[in-house]
Amino acid sequence: MDIQKLAHSIRKIPDYPKPGILFYDITTMIGNDEVFSELIEFLATRYKDREIDFVAGIESRGFIFGAALAYALGVGFVPIRKKGKLPSTTASEKYSLEYGFDEVEIHIDAFERKKNARVVLIDDLIATGGTAQAGVKLIKTLGAQCVEAVFILHLRELGGKAKLEELCDVHCVLDI
Ligand code: AMP
């Protein structure tokens, strides 16, 4: 995969959603047919021989990459959503934000089709790693294993990857 082309396809928006934040906008990447399909091919090649049973994606940008990857691997997709969005019985996990906390949930029967399911967790970006840590914990709570957590972008200075590596293997396509 052409890493330079992938990096250049992501639009950077200063001071969004608030002053001081540089927002990495992946809409320009997923809107680029060549880049998006090369990325999904790259990820599918990485996981195709690792006996993956499910791809789990974190709301909402993780759904875009996760659903495409699950389809490419021929496995099911499991959504990890913000609190209150999933309609059936859930397990939930809180995580800290800069101020206060947030919570993500998963359906408790999400991996029921496979015992000891092997799962790849995906999101667009890892910053502090709080969201991803909560996602990995949910996968483990359900008795499944997180084979790897994968991100398109890693914001190095926030240290989230090292913290997540205490819970599972981590792969980041681009380090910024
Ligand atoms: P964190 O829990 O701090 O690792 O934050 C990761 C989540 O927040 C991901 O779902 C990202 O989509 C989003 N996010 C955090 N920082 C940024 C950023 N600078 N640009 C775009 N999305 C971000």
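To be clear, the structure that these remarks concern was listed above.
Since this is a predicted model, take the numbers as computed values, not measurements.

Undergrad: Hey, could you run me through the packing of aromatic side chains in this one?
TA: The description of two aromatic rings rests on the distance between their centres and on the angle between their planes. All chains considered together, the criterion is met by 4 aromatic pairs. Look at Y16 and F23: their rings are 5.2 Å apart centre to centre, the planes differ by 85°, and that puts the pair in the edge-to-face class. According to the relative accessible area criterion, F23 is partly exposed, its value standing at 21%. Taking the centre distance of 5.8 Å and the plane angle of 80° together, the rings of F63 and F77 count as edge-to-face. Residue F63 is found in helix α4 (residues 61-73), and its partner F77 is found in strand β4 (residues 76-82); the two are separated by 14 residues along the sequence. On the basis of relative accessibility, which here comes to 28%, the residue F77 falls in the partly exposed class.

Undergrad: Hey, could you run me through the nonpolar core in this one?
TA: Soluble globular proteins tend to bury their nonpolar side chains together. Counting 28 residues, the largest nonpolar core has I106, F111, V119, L121, I139, F151 and L164 as the members making the most contacts within it. For this core, the secondary-structure elements that each account for two or more residues are β3 (54-58), β4, β5 (90-96), β6 (101-107), β7 (118-126), α5 (130-141), β8 (145-154) and β9 (170-175). Sorting elements by how many residues they give to this core places α5 first, with 5 residues. Grouped together as the second largest cluster of nonpolar side chains are 26 residues, L6, I26, L43 and V150 included.

Undergrad: What should I look at first to understand helix α3 (residues 33-47) in this one?
TA: Every α-helix winds through 3.6 residues per turn, so residues three or four apart in the chain are directed the same way. Over its 15 residues, α3 extends 21 Å from the first C-alpha to the last, a length consistent with the 21 Å expected when each residue adds 1.5 Å. If you check which residues of α3 are buried, you get V35, L39, I40, L43, A44 and Y47. Buried residues of α3 fall within an arc of 165° about the axis and therefore sit on the same side. Every exposed residue of α3 that faces more than 90 degrees away from the buried side is listed here: D33 and E41. Where α3 is buried, its residues contact α1 (3-8), α2 (27-30), α4, β7, β8 and β9. The N-terminus of α3 is capped by N32, whose side-chain oxygen sits 3.2 Å from the backbone nitrogen of E34.

Undergrad: Would you take a moment to explain the site of the ligand for this structure?
TA: Near the ligand lie 14 residues; those nearest to it are D123, D124, T128, G129 and T131. One of the backbone N or O atoms of L22 is found 2.9 Å from a nitrogen atom in the ligand. Burial of the ligand by the protein amounts to 81% of the accessible area it has alone, namely 490 Å². In this structure, the ligand is accommodated by the largest pocket. Every element with two or more residues in the shell around the ligand is listed here: β2 (22-25), β7 and α5. Top element by residues in the shell around the ligand is β7. It accounts for 4 residues.

About the criteria used
Residues numbered from 1 in each chain as written. Predicted model: local features only at pLDDT ≥ 70, side-chain atom pairs only at ≥ 80, totals over all residues. Heavy atoms only, no water. Phe/Tyr/Trp six-rings, centres within 6.5 Å; stacked < 30°, edge-to-face > 60°. Buried < 20%, exposed > 50% of the residue type's maximum accessible area, 1.4 Å probe, protein only. Helix = DSSP H or I, 4+ residues; strand = E, 2+ residues; numbered from the N terminus. Core = buried A, V, L, I, M, F, W, Y, C linked by side-chain atoms within 4.5 Å. Expected span 1.5 Å × (residues − 1). Arc of directions from axis to C-beta. Contact = heavy atoms within 4.5 Å. Polar contact = N/O pair within 3.5 Å; in protein donor to acceptor, adjacent residues only side chain to side chain. Near = heavy atom within 4 Å. Areas by Shrake-Rupley, 256 points an atom, 1.4 Å probe, with all protein chains shown as cover. 1 Å grid on protein atoms, 1.4 Å probe; cavity = no way out; pocket = protein on both sides within 12 Å on 5 of 7 lines; lining within 4 Å. Sits in = over half its atoms within 2 Å of the grid points.

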